[in-house]
Amino acid sequence: MATDYSSYRVVAARHPWRWVGTAVVALGVFAVAWSLATNPRWEWGVVAQWFTAQSVINGLLETLKLTAISGILGFVLGFILALMRLSASPLLVSVSWTFSWIFRSTPLLVQMLLWYNLGYLYEKISLGIPFTDVRFFEVQTTTLISQFAAAVLGLTLNQAAYSAEIIRGGILSVDQGQLEAAAALGIPAWRRSTRIVLPQAMRAILPTAFNEIIGLVKGTSIVYVLAYSELFYTVQVIYNRTQQVLPLLLVATLWYVVITSVLSVFQYYIERHYSKGAVRNLPLTPLQKARKFFATHAVANTARNAR
Amino acid sequence: MSTATTSAPATATDPVTTPSTRGLVEITKVRKSFGATEVLKGVSLTVEPGGVAVIVGPSGSGKSTLLRTINHLEKVDGGFISIDGNLVGYEVRGNRLHELRGKEILKQRTEIGMVFQNFNLFPHLTALENVSEAPVVAQGCSKDEARRRGLELLDRVGLKGRADAYPRQLSGGQQQRVAIARALALDPKILLFDEPTSALDPELVNEVLDVIRELAKSGTTLLIVTHEMGFARDVADTVVFMDQGQIVEQGSPEHIFTNPQEPRTRSFFSKVLEPAFNI
């Protein structure tokens with residue numbers, strides 16, 4: 001007869017090496033933190049002084065503005081380009097392909113300078129009938145393309161070319177049967193893309209898309225070539241004047257860390273949202289996990305104390 | 001628009017009163033090739049309104065492809081398909097056939113429901129959202145109306161109370177029944193079943209077949225590709241035996257199952273019938 005184990009006490013598996021590892025890691029973290037805090041050459045006082053200075057905040061807002069505008073416009077345009085590329089129309093396919101080809105094969109720096117100096121290449125921009133003198137309207141290029149416009153144009157078009165490929169990749173990862181089922185139900189093409197395919201493609205798109213957005217946050221610093229005062233350009237101007245190079249670079253770096261951290265939190269929750277239906281039960285959020293950890297450990301502690 | 005959508009649920013929920021005057025399928029000398037392989041070699045088949053045609057045959061015989069040409073998921077290379085006298089995928093103008101474009105094809109498809117072997121439910125939408133999506137966007141039904149009908153249809157396929165479940169939270173049989181409800185939501189003239197039970201565990205097959213049996217009495221024209229011979233015999237008006245891209249023989253279930261004339265039909269059934277009839 002089988003032994004009855006029901007009266008035995010269950011002892012949870014122990015992981016002593018995890019504790020050793022934790023101690024080593026904690027020591028390392030402490031050492032780094034200590035050196036950061038005590039080495040006077042980091043000049044934390046200067047960092048603190050400039051961190052929330054008006055000019056730095058203005059630069060930060062410009063960075064956020066450029067990232068948001070060109071990020072959103074870039075991904076919207078990228079989505080349209082991806083759909084064009086996957087469409088049945090040879091015209092749309094080649095237009096989309098050519099767009100990506102041009103903007104991925106020219107340096108962003110060059111694109112930016114070309115947009116800004118469009119006035120040098122074409123003095124006036126006009127709408128009319130080609131090869132005749134008929135003009136409906138005409139405008140000086142330099143009044144049309146400001147620093148801001150050149151920056152947004154350059155970043156958006158470049159971003160669109162890259163995000164088109166990311167979105168196309170995501171769409172290709174969705175099972176062909178989904179499209180067939182939607183087509184068989186008579187669901188119109190645009191709705192098929194936005195309601196059926198895109199939400200499923202999102203799971204594949206999001207990690208890379210957030211890579212792009214985070215890259216863009218720092219990538220906006222390239223607009224220094226237009227003397228556009230976003231965050232990085234601003235701190236450069238300041239340290240050229242004050243010679244406090246390292247602490248001012250730290251100011252910019254810390255702000256980039258803050259933005260990226262906030263974006264990472266967004267990424268976590270957006271990814272979780274789109275995993276709806278793809279997993280049977282949604283995983284716990286970190287907050288829920290923490291609450292559960294403390295709840296179960298509290299129970300374990302009270303149980304131990306009672307014994 | 002509103003009259004069309006309000007009159008629809010009455011016929012969808014009340015199978016007895018549905019007149020079998022719509023859903024005539026006429027397939028004439030249809031040919032289709034994939035690359036160098038010709039998978040349909042001039043297939044002709046007529047299914048009367050309200051009829052139930054079950055298509056059987058070895059795999060690779062072109063059964064599924066034939067089904068998919070009916071709602072233009074596959075474009076035919078030759079021949080014609082018409083539904084109630086209207087050509088699928090083309091419009092007759094004078095003595096020319098004009099190829100239809102996206103929108104018109106979609107409109108034709110709303111008259112034809114299709115149920116797939118792998119269900120193809122939309123995994124990010126709940127059962128109810130799966131069922132009520134097409135009536136809203138393809139037929140202009142109001143959201144409330146689509147929801148009400150969706151719940152009714154889920155009830156009809158025995159899934160009352162599972163409306164808010166996501167497909168992955170349902171068993172295979174339940175998923176396929178949601179897929180059937182989804183196909184019914186457009187109140188189609190014709191329903192196409194492409195091996196609806198082939199991806200199911202044996203014990204789940206019957207719950208799906210029972211739903212289809214009910215539909216067979218409803219006056220909707222059904223075309224079913226299946227390997228379930230007992231079910232075919234039970235539900236079909238006409239059994240069609242296909243092999244190598246051609247219809248070899250067709251007739252009543254009694255005729256095809258007990259007294260097939262063609263040697264190819266006989267050899268096929270001698271291989272598949274024994275196990276099916278043990279059930």
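The following refers to the structure shown. In this text the structure is predicted, and so the values were computed from the model without any measurement.

**Re the overall build of chain A**
Piece 1. The helix and strand tally for chain A stands at 13 helices and two strands.
Piece 2. Against the compact-globule benchmark of 19 Å for 307 residues, chain A has a radius of gyration of 27 Å, which places it well outside the compact range.
Piece 3. Each principal axis of the C-alpha atoms in chain A carries an extent, and together these give about 100 × 70 × 25 Å.
Piece 4. With 307 residues in all, chain A has 34% of them scored as buried.
Piece 5. In chain A, the share of contacts with a sequence separation of at least 24, taken over all contacts with a separation of at least 6, comes to 69%.
Piece 6. For chain A, the computed accessible surface area is about 19100 Å², with 67% contributed by carbon and sulfur atoms.
Piece 7. Where the 24 positive side-chain charges of chain A centre and where its 12 negative ones centre are 17 Å apart.

**With respect to the packing of helix α9 (residues 176–184) of chain A against helix α10 (residues 189–219) of chain A**
Residues and elements named next belong to chain A.
Piece 1. Taken N-terminus to C-terminus, the directions of α9 and α10 make an angle of 160 degrees; their axes are 11 Å apart at the nearest point. Judged on the interaxial angle alone, α10 and α9 are roughly antiparallel. The handedness of the crossing between α9 and α10 comes out as right-handed. Where α9 approaches α10, its residues Q178, L179, A182 and A183 are matched on the opposing element by R192, I196, V197 and Q200.

**Things to note about empty space enclosed by the protein**
Residue and element names in this part refer to chain B.
Piece 1. The tally for this structure, following the rule as stated, stands at three cavities of 30 Å³ or more.
Piece 2. In this structure, the second largest cavity encloses a volume near 60 Å³.
Piece 3. Together, T69, H72, V76, G79, F80, I81, L87, V88 and Y90 line the second largest cavity.
Piece 4. Per-element accounting of the lining of the second largest cavity gives the leading share, three residues, to strand β4 (residues 78–83).
Piece 5. Here the lining of the second largest cavity is built from residues that sort into six nonpolar, three polar and no charged.

**Concerning the nonpolar core**
Piece 1. Counting 49 residues, the largest nonpolar core has L154(B), I180(B), F193(B), I212(B), L222(B) and I224(B) as its most contacted members.
Piece 2. With eight residues, the top contributor of residues to this core is helix α7 (residues 202–216) of chain B.

**A short note on the interface of chain A and chain B**
A common way to express how large an interface is: the accessible area buried when the components associate.
Piece 1. In this complex, chain A contributes 24 residues to the contact, which on the side of chain B involves 25 residues.
Piece 2. Across the chain A to chain B interface the summed buried area is about 2100 Å²; carbon plus sulfur atoms make up 58%.
Piece 3. Where chain A touches chain B, the interface holds three salt bridges.
Piece 4. At the surface where chain A touches chain B, the tally comes to seven residue pairs in polar contact (both at pLDDT 80 or more).
Piece 5. Mapped onto the side of chain A that touches chain B, the elements with two or more residues apiece are α9 and α10 of chain A.

**As for the pattern of salt bridges**
Piece 1. What the rule picks out here adds up to 21 salt bridges over all chains.
Piece 2. One salt bridge in this structure joins R191(A) and E133(B), with 2.7 Å as the shortest N-O distance. Residue R191(A) is found in helix α10, and its partner E133(B) is found in helix α4 (residues 127–139); the two belong to separate chains.
Piece 3. Owing to a relative accessible area of 4%, E133(B) belongs among the buried residues under this scheme.

**A few points about unusual backbone geometry**
Piece 1. With phi around 55 degrees, E43(A) is a residue other than glycine that occupies positive phi space.
Piece 2. One can find E43(A) in the loop between α1 (16–38) and α2 (44–51).
Piece 3. Classification of E43(A) by relative accessible area gives partly exposed; the value is 32%.
Piece 4. One non-glycine residue, H72(B), lies in the positive phi region at around 65 degrees.
Piece 5. Its location among the elements puts H72(B) in the loop between α2 (63–70) and β4.
Piece 6. You can call H72(B) buried: its relative accessible area is 13%.

**Here we look at helix α5 (residues 143–156) of chain B**
Residue and element names in this part refer to chain B.
Piece 1. A rise of 1.5 Å per residue sets the reference length of α5, with its 14 residues, at 20 Å; its end C-alpha atoms lie 20 Å apart and thus fit the reference within 8%.
Piece 2. Buried within α5 we find E145, A146, R149, G150, L153 and L154. Summarising the axial view, the buried residues of α5 lie within an arc of 165 degrees, below the 170-degree limit, and thus occupy one face.
Piece 3. Following α5 by one or two positions, G158 adopts a phi angle in the positive range, close to 80 degrees.

**Here we look at α4(B)**
All names here are of chain B.
Piece 1. With 13 residues, α4 ought to run about 18 Å at 1.5 Å a step, and its terminal C-alpha atoms sit 19 Å apart, in line with that.
Piece 2. If you look at α4, its biggest bend is around 25 degrees, right at E133, and the proline P135 turns up within four residues after that.
Piece 3. For α4, every residue scored as buried is listed here: A127, L128, N130, V131, S132, E133, A134, P135 and Q139.
Piece 4. G140 sits one or two positions beyond α4 and adopts a positive phi of about 70 degrees.

**A few points about the layout of surface pockets**
Piece 1. A volume near 920 Å³ is recorded for the largest pocket.
Piece 2. Going through the elements one at a time, α3 (54–86), α8 (147–172), α9 and α10 of chain A together with α3 (102–109) of chain B are the ones with two or more residues in the lining of the largest pocket.
Piece 3. Of all the elements, α10(A) adds the most residues to the lining of the largest pocket, at five residues.
Piece 4. Tallied by class, the residues present in the lining of the largest pocket amount to 16 nonpolar, five polar and six charged.

**A look at the pairing of strand β7 (residues 96–99) of chain B**
Residue and element names in this part refer to chain B.
Piece 1. Pairing between strand β6 (residues 90–93) and β7: four bridges, direction antiparallel. In the strand pairing of β7, E91 is matched with H98.
Piece 2. The hairpin formed by β6 and β7 contains two residues between the paired strands, and G94 there has a positive phi angle of roughly 65 degrees.

**Things to note about the environment of S64(B)**
All names here are of chain B.
Piece 1. Mapped onto the elements, S64 comes out in helix α2.
Piece 2. For S64, a relative accessible area of 22% translates into the label partly exposed.
Piece 3. Separated by 129 residues in sequence, S64 and F193 have C-alpha atoms that sit 9.1 Å apart.
Piece 4. Those residues in contact with S64 that sit more than four places away from it in its chain are D194, E195 and V225.

**A word on the sheet that holds strand β5 (residues 86–87) of chain B**
Remark on secondary structure: sheet strands pair via backbone hydrogen bonds, oriented parallel or antiparallel.
All names here are of chain B.
Piece 1. Ordered by their spatial adjacency, four strands build an open sheet running β2-β1-β4-β5, and the pairing between neighbours is antiparallel. Each edge of the open sheet is held by one strand with a lone partner, namely β2 (37–47) and β5.
Piece 2. Two elements, strand β1 (residues 25–34) and β2, share eight bridges in a ladder whose sense is antiparallel. Its bridge partner being in β2, E26 is matched across the sheet by T46.
Piece 3. Across the face of the sheet, α2 comes into contact with β1, β2 and β4 while running at roughly 60 degrees to β2.

Conventions used here
Residues numbered from 1 in each chain as written. Chains lettered and ligands numbered in written order. Predicted model: local features only at pLDDT ≥ 70, side-chain atom pairs only at ≥ 80, totals over all residues. Heavy atoms only, no water. Helix = DSSP H or I, 4+ residues; strand = E, 2+ residues; numbered from the N terminus. Rg over C-alpha atoms; globule rule 2.2 N^0.38 Å. Buried < 20%, exposed > 50% of the residue type's maximum accessible area, 1.4 Å probe, protein only. Contact = heavy atoms within 4.5 Å. Areas by Shrake-Rupley, 256 points an atom, 1.4 Å probe, with all protein chains shown as cover. Lys, Arg positive; Asp, Glu negative; His and termini not counted. Charge placed at Lys NZ, Arg CZ, Asp CG, Glu CD. Axes fitted to C-alpha atoms, helices over the stretch in contact; angles between N-to-C directions. Parallel < 35°, antiparallel > 145°, perpendicular 65-115°, else oblique. Left-handed = near helix turned anticlockwise from the far one by under 90°. 1 Å grid on protein atoms, 1.4 Å probe; cavity = no way out; pocket = protein on both sides within 12 Å on 5 of 7 lines; lining within 4 Å. Points joined across faces, edges and corners; volume = space filled by probe spheres on them. Nonpolar A, V, L, I, M, F, W, Y, C, P; charged D, E, K, R; others polar. Core = buried A, V, L, I, M, F, W, Y, C linked by side-chain atoms within 4.5 Å. Buried area = accessible area lost by both parts, 1.4 Å probe. Salt bridge = Lys/Arg side-chain N within 4 Å of Asp/Glu carboxyl O. Polar contact = N/O pair within 3.5 Å; in protein donor to acceptor, adjacent residues only side chain to side chain. Expected span 1.5 Å × (residues − 1). Arc of directions from axis to C-beta. Bend = angle between axes of the 7 residues up to and from the residue. Pairing = 2+ DSSP bridges.

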